[in-house]
Amino acid sequence: DGLETFGSMIVLGLQASRFVVVDVVRGRFSWKEFLEQAWFMTRVALLPTILVAIPFGVIVSIQVGAIAQQIGAVSFTGAVNGIGVLRQGAPLVTSLLMAGAVGSAMCAALGSQTVREEVDAMRVMGLNPVQRLVAPRLVAAVLVGVLLCVVVAATAMVTGYALNVGRGVVSSGAYLGSFTSFAQPTDLLLAEGKAAIFGFLATIIACHKGLHTTGGPKGVA
């Protein structure tokens, strides 16, 4: 059963990706649905993302600052803190929010449509639910995931800067200088790539669960 579910998710992902490419090329992509879903996902995830990123930045900066002081490498606090958040922390927090907030809301919405037989009605009318429902959500989730990753990285790094510089652990110039010396544009590209993949996976899993909901309201829950 697990392999069957995994296989059906792969098929759903391939179908949704194909519909995205074909519909965009042919000018039939549902941009209205895409914009509505992107705005919905942003409203659902933006505030929780900021609220999670702030304590995340606090924890990372305190831990990194303590270790840097012990080994006498306080001047490299900015580099370690910033690059660590950018490369690993921001995509990780983004994935949690995309799966927990956006994914659950998306799954509940599609599950409600499924148990009310709206999805079956679409099939009767000759409309493909993957094309009409999943594809726009897929593009929206990837875009929102990429943008949320930037928000997480910026919030966490600003928090780390405020804590380390504000507490007098390191000067502002040394903090920013170490970060700019070691950080590369590829770090941001790597983080954005991870966020896009997490957004893609969260959407496919949530949509698959939503479209296969059974058991009425209990099944949606």
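Analysis parameters
- Residues numbered from 1 in each chain as written.
- Predicted model: local features only at pLDDT ≥ 70, side-chain atom pairs only at ≥ 80, totals over all residues.
- Heavy atoms only, no water.
- Core = buried A, V, L, I, M, F, W, Y, C linked by side-chain atoms within 4.5 Å.
- Buried < 20%, exposed > 50% of the residue type's maximum accessible area, 1.4 Å probe, protein only.
- Helix = DSSP H or I, 4+ residues; strand = E, 2+ residues; numbered from the N terminus.
- Contact = heavy atoms within 4.5 Å.
- Axes fitted to C-alpha atoms, helices over the stretch in contact; angles between N-to-C directions.
- Parallel < 35°, antiparallel > 145°, perpendicular 65-115°, else oblique.
- Nonpolar A, V, L, I, M, F, W, Y, C, P; charged D, E, K, R; others polar.
- Patch = residues over 30% accessible without salt bridge, like charges linked within 9 Å, V, L, I, M, F, W, Y side chains within 5 Å.
- Areas by Shrake-Rupley, 256 points an atom, 1.4 Å probe, with all protein chains shown as cover.
- Salt bridge = Lys/Arg side-chain N within 4 Å of Asp/Glu carboxyl O.
- Phe/Tyr/Trp six-rings, centres within 6.5 Å; stacked < 30°, edge-to-face > 60°.
- Lys NZ or Arg CZ within 6 Å of the ring centre and 35° of its normal.

*Asks:* What am I meant to see in the nonpolar core here?
*Replies:* When a protein is soluble and globular, its nonpolar side chains tend to lie buried together. Within the largest apolar cluster, 30 residues are counted, with the highest numbers of intra-cluster contacts made by Met 41, Met 98 and Val 134. Only helix 1 (2-26), helix 2 (31-71), helix 3 (77-115), helix 4 (118-124), helix 5 (129-166) and helix 7 (185-211) provide two or more residues apiece to this core. Leave out the neighbours within four places in its chain, and Met 41 touches Val 102, Met 106, Arg 137, Ala 140, Ala 141 and Val 144. If you look at the next biggest cluster of nonpolar residues, it comprises 11 residues, including Ala 53, Ala 90, Val 93 and Ala 191.

*Asks:* Just to check I follow, could you spell out the side chain of Asp 23 for this structure?
*Replies:* By the element assignment, Asp 23 lies in helix 1. Residues in contact with Asp 23, not counting those within four places in the same chain, are Arg 28, Phe 29 and Gln 131.

*Asks:* Before we go on, may I ask you to explain the packing of helix 1 against helix 5 in this structure?
*Replies:* A pair of packed helices is characterised by two quantities: the angle between their axes and the separation of those axes. Following both chains from N to C, one finds helix 1 and helix 5 inclined at 85°, their axes separated by 9 Å at the closest point. Relative to helix 5, the element helix 1 lies roughly perpendicular. In this structure, helix 1 uses Leu 12, Gln 15, Ala 16, Ser 17, Phe 19, Val 20 and Asp 23 to contact helix 5, whose residues at the interface are Val 130, Gln 131, Val 134, Ala 135, Leu 138 and Val 139. For the contact of helix 1 with helix 5, a count of residues per class yields 9 nonpolar, 3 polar and 1 charged.

*Asks:* Explanation requested: a nonpolar patch on the surface in the structure shown.
*Replies:* A contiguous nonpolar patch, built from Ile 197, Phe 198, Leu 201 and Ile 205 and spanning about 340 Å² of accessible area, is present on the exposed surface. Summarising the element assignment, Ile 197 is placed in helix 7.

*Asks:* I'm lost on the packing of aromatic side chains in this one. Help?
*Replies:* The geometry of an aromatic ring pair comes down to the distance between the two centres and the angle between the two planes. The final tally for this structure, using the stated rule, is 3 aromatic pairs. Look at Phe 29 and Trp 31: their rings are 4.7 Å apart centre to centre, the planes differ by 70°, and that puts the pair in the edge-to-face class. Judged by relative accessible area, Phe 29 falls into the buried class, the value being 7%. Residue class for Trp 31 comes out partly exposed when judged on its relative accessible area of 46%. Ring centres of Trp 31 and Phe 34 lie 5.7 Å apart, and the angle between their planes is 85°; on these two criteria the pair is classed as edge-to-face. Residue Trp 31 and its partner Phe 34 are both found in helix 2; the two are separated by 3 residues, about one turn of the helix. Judged by relative accessible area, which is 9%, Phe 34 ranks as buried. Ring pairing ties together the aromatic residues Phe 29, Trp 31 and Phe 34, which thus form one cluster. Stacked on the ring of Phe 19, the Lys or Arg Arg 18 has its end atom at 4.8 Å from the ring centre.

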